[in-house]
Amino acid sequence: MTSGASHWRRATRLVRAGLNRSPNNETAEALYLNSGFVFNSAAEAEAAFKGENDVYMYSRYGNPTVSVFEERLAALEGAQMCRATSTGMAAIFSALACQLKSGDRVVAARELFGSCHHIVSKILPKWGVETEFVKGTDPAAWEAALSRPAKAVLLESPSNPMLDLVDVAAVADLAHAAGATLIVDNVFATPLYQSPLALGADVVVYSATKHIDGHGRCLGGAVLGSADWMNEHFIPFYRNTGPSMSPFNAWVMAKSLETLELRVDRMSATAAMVADWLSAHEKILQVRYPGRADHPQHGLAIRQMSGFGSLVTMEVAGGKDAAFAVLDALSVIDLSNNLGDAKSLACHPATTTHSKLPVEERMDCGITDGVIRISIGLEHPDDLTEDLAQALAATS
Ligand SMILES: *Cc1c(COP(=O)(O)O)cnc(C)c1O
């Protein structure tokens, strides 16, 4: 960690942690857009390949610009180590694959981001890994699934798109008793509002594409954990299979971290306002926002989160036709399956991100045809509620 980073407060870490100036003393982080590094001697190269020094060798293994982003995010998360990846999925897949072998067992919450669900339900079983999904909100289901040994547990909280929560501390205890590593996808909570490692998780994964970049520009991901776990499991897999982040993306991401708190606090304050406004609207059957007292797990939200995020999910009366009419009538809020952006974005999970789920499973998760997920951005809240008001008027 950069000198000072361990006692700096969060706002200071976000702008200064990981900063490693070159001899040119540039103010902002330098962009090292190169693939390889020169050794000063054959002996230095030999030592580098033996792991006896920590010089940069090749950007698939490590790059000074990528290191700035990794150190800054590790300082924010309170993690011993971080490795940045090309996408969020590269982070999640690598965090699983680096420690699994055929015959192992994985338990996952069924409320997972679509591609994570695909990895657990389709890819891992092909490789001889036994996988089991549990209803993430049901403590008894976790207890039953983890009464047998497992190697890894994967969950997401709050989940996409219904913003259901998993009790991270309770599942961490069960996972550890079953011999499993607990991996938490913390994208919706962001590093600001939930600290899975402090709740007992072993590994935290991010799609940095979302709030961390926050401007819809770069794909990226990150894996964070203890130095022991990272060195034993993750680093050898990462170095040899190549999911590394590009230095350019890391340079963008490191700058975006500087404003993460300002952006996400504002987006979340607006999300809370929009959720309250929607809940009073006659055409809305249901609003889901963990910060509202009517969220089914509001008590858990208060216990394990320090803020409630920028996503709001609502169910409009009138099913798919009404939902499509609202989406098509929006003029400020864009239609996109992305999230965490400065621009507000809306999507219809039933026909897009969750269209591949069997209908019964989708319904059981509460993703009805009237459900719309909104990622609240940085626009003025009144422009968003005015846009939603005129779009909801279009459904009559
Ligand atoms: C977007 C997202 C991912 C995947 O990240 P990419 O950067 O798109 O690969 C994984 N989990 C959650 C919760 C996400 O929102």
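What counts, and at which threshold
Residues numbered from 1 in each chain as written. Predicted model: local features only at pLDDT ≥ 70, side-chain atom pairs only at ≥ 80, totals over all residues. Heavy atoms only, no water. Near = heavy atom within 4 Å. Polar contact = N/O pair within 3.5 Å; in protein donor to acceptor, adjacent residues only side chain to side chain. Areas by Shrake-Rupley, 256 points an atom, 1.4 Å probe, with all protein chains shown as cover. Nonpolar A, V, L, I, M, F, W, Y, C, P; charged D, E, K, R; others polar. Buried < 20%, exposed > 50% of the residue type's maximum accessible area, 1.4 Å probe, protein only. Helix = DSSP H or I, 4+ residues; strand = E, 2+ residues; numbered from the N terminus. Arc of directions from axis to C-beta. Contact = heavy atoms within 4.5 Å. Domains from an automatic or database assignment. Buried area = accessible area lost by both parts, 1.4 Å probe. Salt bridge = Lys/Arg side-chain N within 4 Å of Asp/Glu carboxyl O. Pairing = 2+ DSSP bridges. Axes fitted to C-alpha atoms, helices over the stretch in contact; angles between N-to-C directions.

Trainee: Looking at this structure, how should I read the site of the ligand?
Mentor: Around the ligand, a shell composed of 14 residues is seen, among which Met89, Asp185, Ser207, Thr209 and Lys210 lie nearest. A distance of 2.8 Å is found between an oxygen atom of the ligand and a side-chain nitrogen or oxygen belonging to Ser207. The separation between an oxygen atom of the ligand and a polar side-chain atom of Lys210 is 2.7 Å. Within the complex, the protein chains bury 92% of what would otherwise be the 380 Å² of accessible surface of the ligand. Partitioning the shell around the ligand into residue classes produces six nonpolar, five polar and three charged.

Trainee: Can you walk me through helix α13 (residues 319-329) in this structure?
Mentor: Since there are 3.6 residues in each turn of an α-helix, residues three or four apart along the chain are aligned in direction. All buried positions along α13 are accounted for by Ala322, Ala323, Val326 and Leu327. Projected down its long axis, α13 carries its buried residues within an arc of 135°, all on one side. With respect to the buried face of α13, the exposed residues turned more than 90 degrees away are Asp321 and Asp328. Its buried side turned inward, α13 meets β9 (311-316), β10 (334-335), β11 (345-347), β12 (371-375) and α15 (381-393).

Trainee: Would you take a moment to explain the domain arrangement of the protein for this structure?
Mentor: The parts lose accessible area when they come together, and the size of an interface is often stated as this lost area. Domain parsing of the protein yields domain 1 (5-257) and domain 2 (260-393). Domain 1 and domain 2 are separated by 27 Å when their C-alpha centres are compared. Listed per partner, the contact involves 39 residues of domain 1 and 40 residues of domain 2. Between domain 1 and domain 2 the total buried area reaches about 3,300 Å² when both faces are included, carbon and sulfur atoms providing 57% of it. If you look at where domain 1 meets domain 2, you find four salt bridges. The interface formed by domain 1 and domain 2 contains 25 residue pairs in polar contact (both at pLDDT 80 or more). Every element with two or more residues in the side of domain 1 that touches domain 2 is listed here: α1 (10-16), α7 (168-177), α8 (190-193) and α10 (247-258). Ranked by residue count, the leading element in the side of domain 1 that touches domain 2 is α8, at four residues.

Trainee: Help me understand the sheet that holds strand β8 (residues 284-288) in this model?
Mentor: Pairing between the strands of a sheet is mediated by backbone hydrogen bonds and can be parallel or antiparallel. Taking strand neighbours across the sheet as the criterion, the five strands line up as β8-β9-β12-β11-β10 in an open arrangement whose pairing is mixed. The open sheet is flanked by β8 and β10, the only strands paired with a single partner. Pairing of β11 with β12, which is carried by three bridges, proceeds in the antiparallel orientation. Within the sheet, the bridge partner assigned to Leu345 lies in β12 and is Ser375.

Trainee: Teacher, can you tell me more about unusual backbone geometry here?
Mentor: Backbone phi values are negative for most residues with the exception of glycine, while trans is the configuration of most peptide bonds. Here Ser157 and Pro158 are connected by a cis peptide whose omega angle stands at -5°. You can see Pro158 is positioned in the loop between β4 (152-156) and α7. With an omega of -5°, the peptide bond running from Asn160 to Pro161 counts as cis. You can see Pro161 is positioned in the loop between β4 and α7. With a phi close to 60°, Asn25 is a non-glycine residue in the positive phi region. For Asn25, the location among the structural elements is in the loop between α1 and α2 (42-49). The class of Asn25 is exposed, set by a relative accessible area of 59%. Of note, Thr190 is a non-glycine position whose phi angle comes to about 65°, a positive value. On the secondary structure map, Thr190 appears in helix α8.

Trainee: Would you mind showing me how to read the environment of Ile284 here?
Mentor: One can find Ile284 in strand β8. For Ile284 and Val371, which are 87 residues apart along the polypeptide, the C-alpha to C-alpha distance reads 9.8 Å. The contacts of Ile284, once residues within four sequence positions are left out, are Leu278, Met314, Glu315, Val316 and Leu392.

Trainee: Where do I start with the sheet that holds strand β3 (residues 130-134) in this structure?
Mentor: In spatial order, the strands read β1-β7-β6-β5-β4-β2-β3; together these seven strands make up an open sheet with mixed pairing. In this open sheet, the two edge strands, each paired with only one partner strand, are β1 (81-85) and β3. Pairs of neighbouring strands in the sheet enclose a mean axial angle of 20°, with direction left out of account. Along the sheet, helix α5 (residues 114-126) contacts β2 (105-109), β3, β4 and β5 (181-185); its crossing angle with β3, the most-contacted strand, is approximately 150°. Along the sheet face, helix α9 (residues 227-241) touches β1, β5, β6 (203-207) and β7 (221-225) and points at about 25° away from the line of β1.

Trainee: Help me understand the pattern of salt bridges in this model?
Mentor: Pairs can form between side chains of opposite charge whenever their charged atoms are close. Tallied over the entire structure, the rule returns 19 salt bridges. Between Asp104 and Lys101 there is a salt bridge whose closest N-O contact spans 3.2 Å. Take Lys101: its relative accessible area is 53%, and that puts it in the exposed class. With a closest N to O distance of 2.6 Å, Arg292 and Asp276 form a salt bridge.

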